[in-house]
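Here is what each chain is made of, one letter per residue.
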Amino acid sequence: MALAVPILAALAALSWLPGPPGAAAAQGSGEPDLSPAARRLQAYVQIDTSNPPGNEKAGALYLKRLLDEAGIASEIHEASPGRASLYARLKGSGSRGGLLLHHHIDVVPAAPAGWEAPPFSGAVRGIRLVGRGTIDDKGLGIAQLEAFLDAKRSGGLRSDLVFLATPDEETGGALGVSLLLKERPHWFAGISDAIGEGGLVETIVDRPRLFGIEVQQKGALWLRLSASGPGGHASLPGPTEPSLRIARAVAAVAGKERPLRLESEVERAFRAREGIGKGHPAAGDLKRRVKNDPARLRAELSPRDLALLTDTIAVTRIGTDSLAQNALPRTAWAELDIRFLPSTDPAELLEWVRATIADPLVKVKVVFQGAPGPASPESDLSDAYGVYGVIRKVLAERFPGVAVVPDVSPALSENRVFRTHGIRAYGLTPFRLNYYDMAGIHGQNERIRLDWFDEGVETMRRIVRAWAIRP
Ligand SMILES: [Zn+2]
């Protein structure tokens with residue numbers, strides 16, 4: 001079973017390689033007529049860029065071929081063998097800051113069990129395209145590419161436009177944007193704003209109710225706890241076995257809640273959602289209850305809303321080096337994924353973890369620390385210079401009555417790296433997605449409705465035109 005996926009993916013990849021992108025799959029096989037953009041997404045999904053190992057270079061070469069066909073020069077940067085980024089720039093008159101369109105090429109791995117079609121087949125099932133990456137993040141990547149190609153055809157750019165695809169996002173992004181900022185700083189020259197993945201979409205059945213534009217993220221602190229001992233026969237355990245130390249440490253940290261706090265950007269996000277309807281708590285009420293009624297508030301909020309009010313601690317992996325059930329381990333360990341609010345001081349948080357464990361023989365090592373970065377400014381319709389305002393205007397025109405609001409993300413993406421380097425970054429999902437489709441992100445049966453994908457491509461086109469092309 002494990003072998004079936006790469007073979008299928010390789011066969012599927014061969015089927016599109018020789019032909020032009022539009023003519024790829026299954027003409028006359030009963031598949032619905034896919035738009036040229038949907039065919040490109042299908043071909044992109046068929047390239048297996050599961051991370052690990054990534055193999056993003058194959059994806060970068062595919063994007064390069066599409067840019068070549070449009071007469072646009074592009075550059076590939078290989079961070080390590082097979083792990084590549086792709087960059088292309090359209091020059092504008094410079095009367096407006098440069099806009100960078102970013103997505104990541106890698107996807108989270110997918111085992112075929114439970115999928116309605118193999119995850120790298122790019123199969124069409126009914127009105128949907130099924131495949132790992134259709135939403136996260138190749139759908140966005142193709143929408144951005146189409147907008148970029150459209151801007152090239154239009155000409156008359158007042159802003160530089162950069163198309164950037166990077167590797168390694170799903171495992172922390174060490175080979176992605178932060179590396180490029182060091183090794184290819186000129187790729188970011190003149191860039192004031194970026195649009196990347198993220199944000200929030202609420203579609204009730206098929207009516208879009210809300211688009212959240214991500215303006216800030218929580219930070220991340222990944223810790224590895226470890227303890228060691230002499231090992232030996234399990235019939236003679238001591239009182240200080242490493243496995244016991246780790247079990248106690250994990251129970252202490254994970255069993256203790258961090259306080260609830262309503263930060264200004266989070267409060268703005270909740271306030272903007274007020275009155276939208278069911279499932280959105282009122283900001284004023286939240287503020288009161290954070291103070292007076294925290295225990296019930298914790299029980300009532302959705303996990304996502306609760307995560308925006310506190311630092312969260314997840315125990316993701318626990319293990320020992322024991323080779324047998326009757327052998328004491330010499331080493332035991334646990335990994336914690338802690339996500340902290342923007343105003344939390346990570347050094348203070350680390351001290352809190354150490355103090356809560358209260359065992360000097362448990363070592364606490366920082367594996368990864370990601371700063372949340374500053375919030376990107378929101379601008380309203382009167383602000384002709386904000387990308388946020390442009391996104392809001394285009395979405396409001398296309399979906400009358402929809403709420404477009406700022407959002408804070410509990411998760412990490414490359415947006416925070418742009419923000420810490422002085423680039424305003426906005427997380428946007430331009431597609432309608434409903435509850436059931438959202439469940440496919442990092443899960444089983446990731447898929448996108450073809451009409452909603454095409455609609456999102458057009459939305460992205462209009463956003464980029466509104467920003468970069470003289471009216
Ligand atoms: Zn992603």
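In this text, all values refer to a predicted model and were calculated from it rather than measured experimentally. (Residues numbered from 1 in each chain as written. Predicted model: local features only at pLDDT ≥ 70, side-chain atom pairs only at ≥ 80, totals over all residues. Heavy atoms only, no water.)

## With respect to the overall build of the protein
Argument step 1. Across its full length, the protein holds 15 helices and 18 strands.
Argument step 2. A compact globule built from 471 residues should have a C-alpha radius of gyration of about 23 Å, and the protein, at 24 Å, falls within 12% of that.
Argument step 3. With the C-alpha coordinates of the protein rotated into their principal frame, the extents come out at 75 × 55 × 45 Å.
Argument step 4. When each of the 471 residues of the protein is scored for burial, the buried share is 55%.
Argument step 5. Within the protein, residue pairs in contact and separated by at least 24 positions form 78% of the contacts whose partners lie at least 6 positions apart.
Argument step 6. Total accessible area on the protein stands at roughly 19,900 Å², and carbon and sulfur atoms take up 57% of it.
Argument step 7. Separation of charge centres in the protein, based on 57 positive and 54 negative side chains, amounts to 2 Å. (Helix = DSSP H or I, 4+ residues; strand = E, 2+ residues; numbered from the N terminus. Rg over C-alpha atoms; globule rule 2.2 N^0.38 Å. Buried < 20%, exposed > 50% of the residue type's maximum accessible area, 1.4 Å probe, protein only. Contact = heavy atoms within 4.5 Å. Areas by Shrake-Rupley, 256 points an atom, 1.4 Å probe, with all protein chains shown as cover. Lys, Arg positive; Asp, Glu negative; His and termini not counted. Charge placed at Lys NZ, Arg CZ, Asp CG, Glu CD.)

## A few points about the pattern of salt bridges
Argument step 1. With the rule as written, the count across this model stands at 42 salt bridges.
Argument step 2. Put simply, Glu-116 and Arg-447 hold a salt bridge, and the shortest N to O gap is 3.2 Å. Separated by 331 residues along the polypeptide, Glu-116 in the loop between β3 (96-104) and β4 (124-125) and Arg-447 in strand β18 (residues 447-449) bring together distant segments of the chain.
Argument step 3. The closest approach of N and O atoms between Arg-245 and Asp-359, which form a salt bridge, is 2.5 Å. One end of the pair, Arg-245, is in helix α6 (residues 242-254); the other, Asp-359, is in the loop between α11 (346-357) and β15 (363-370), and 114 residues separate them in sequence. One exposure class covers both Arg-245 and Asp-359, and it is buried.
Argument step 4. Here the salt bridges share partners, and the residues they tie into one network are Arg-40, Glu-146, Glu-458, Arg-461 and Arg-462. (Salt bridge = Lys/Arg side-chain N within 4 Å of Asp/Glu carboxyl O.)

## Topic: the sheet that holds β18
Argument step 1. Taken together, the three strands give an open sheet; going across it, the order is β4-β5-β18, and neighbouring strands pair in antiparallel fashion. Of all the strands in the sheet, just β4 and β18 have a single pairing partner and so form its edges.
Argument step 2. Sheet analysis places β4 next to strand β5 (residues 128-130), joined by two bridges and oriented antiparallel. Counted as the bridge partner of Val-124 is Leu-129 from β5. (Pairing = 2+ DSSP bridges.)

## What about the domain arrangement of the protein?
Argument step 1. Domain boundaries assigned for the protein yield domain 1 (4-217 + 373-468) and domain 2 (219-370).
Argument step 2. Computed over C-alpha atoms, the centres of domain 1 and domain 2 are 32 Å apart.
Argument step 3. Listed per partner, the contact involves 20 residues of domain 1 and 19 residues of domain 2.
Argument step 4. Together domain 1 and domain 2 conceal approximately 1,700 Å² of surface at their shared face, both sides included; 63% is due to carbon and sulfur atoms.
Argument step 5. Taken together, the connections running from domain 1 to domain 2 amount to two salt bridges. (Domains from an automatic or database assignment. Buried area = accessible area lost by both parts, 1.4 Å probe.)

## With respect to unusual backbone geometry
Argument step 1. Each neighbour pair has its own omega, and for Asn-51 with Pro-52 the value is 0°, a cis peptide bond.
Argument step 2. Considering the arrangement of structural elements, one finds Pro-52 in the loop between α2 (36-45) and α3 (56-69).
Argument step 3. In the segment running from Asp-136 into Asp-137, the intervening peptide bond is cis, with an omega of 15°.
Argument step 4. Counting through the fold element by element, Asp-137 comes out in the loop between β5 and α4 (138-154).
Argument step 5. Look at His-442: it is not a glycine, yet its phi comes out positive at around 65°.

## Things to note about the coordination of the zinc ion
Argument step 1. Distances from the zinc ion to its protein donors, His-104 (NE2), Asp-136 (OD) and Glu-197 (OE), fall at 1.9 to 2.1 Å.
Argument step 2. Sequence spacing of the donor residues for the zinc ion, all on one chain, is H-x31-D-x60-E. Residue His-104 is located in strand β3, and its partner Glu-197 is located in the loop between β7 (191-196) and β8 (200-204); the two are separated by 93 residues in the primary sequence. Comparing His-104 with Glu-197 shows no difference in burial state: the two are buried. (Donors = N, O, S within 2.8 Å, 3.2 Å for Na, K, Ca; no water.)

## Overview of the packing of aromatic side chains
Describing an aromatic ring pair means giving the distance of the ring centres and the angle of the ring planes.
Argument step 1. With the rule as written, the count across this model stands at eight aromatic pairs.
Argument step 2. Aromatic pair Tyr-44 and Tyr-62: ring centres 6.0 Å apart, planes at 35°, arrangement tilted. Separated by 18 residues along the polypeptide, Tyr-44 in helix α2 and Tyr-62 in helix α3 bring together distant segments of the chain.
Argument step 3. Take Tyr-62: its relative accessible area is 3%, and that puts it in the buried class.
Argument step 4. The cationic tip of Lys-138 hangs over the ring face of Tyr-44; the distance from NZ or CZ to the ring centre is 5.0 Å. (Phe/Tyr/Trp six-rings, centres within 6.5 Å; stacked < 30°, edge-to-face > 60°. Lys NZ or Arg CZ within 6 Å of the ring centre and 35° of its normal.)

## What to know about the sheet that holds β15
Argument step 1. Taken in spatial order, the four strands make up an open sheet running β12-β14-β10-β15, and their pairing is antiparallel. Whereas interior strands pair on both sides, the edge strands pair on one side only; in this sheet they are β12 (312-320) and β15. Across the sheet, the axes of successive neighbouring strands diverge by a mean angle of 15°, strand direction being ignored.
Argument step 2. In this structure, strand β10 (residues 219-228) lies alongside strand β14 (residues 331-340), joined through 10 bridges in antiparallel fashion. Directly across from Arg-224, in β14, lies its bridge partner Glu-335.
Argument step 3. α11 contacts β10, β12, β14 and β15 of the sheet and is inclined by roughly 30° relative to β10. (Axes fitted to C-alpha atoms, helices over the stretch in contact; angles between N-to-C directions.)

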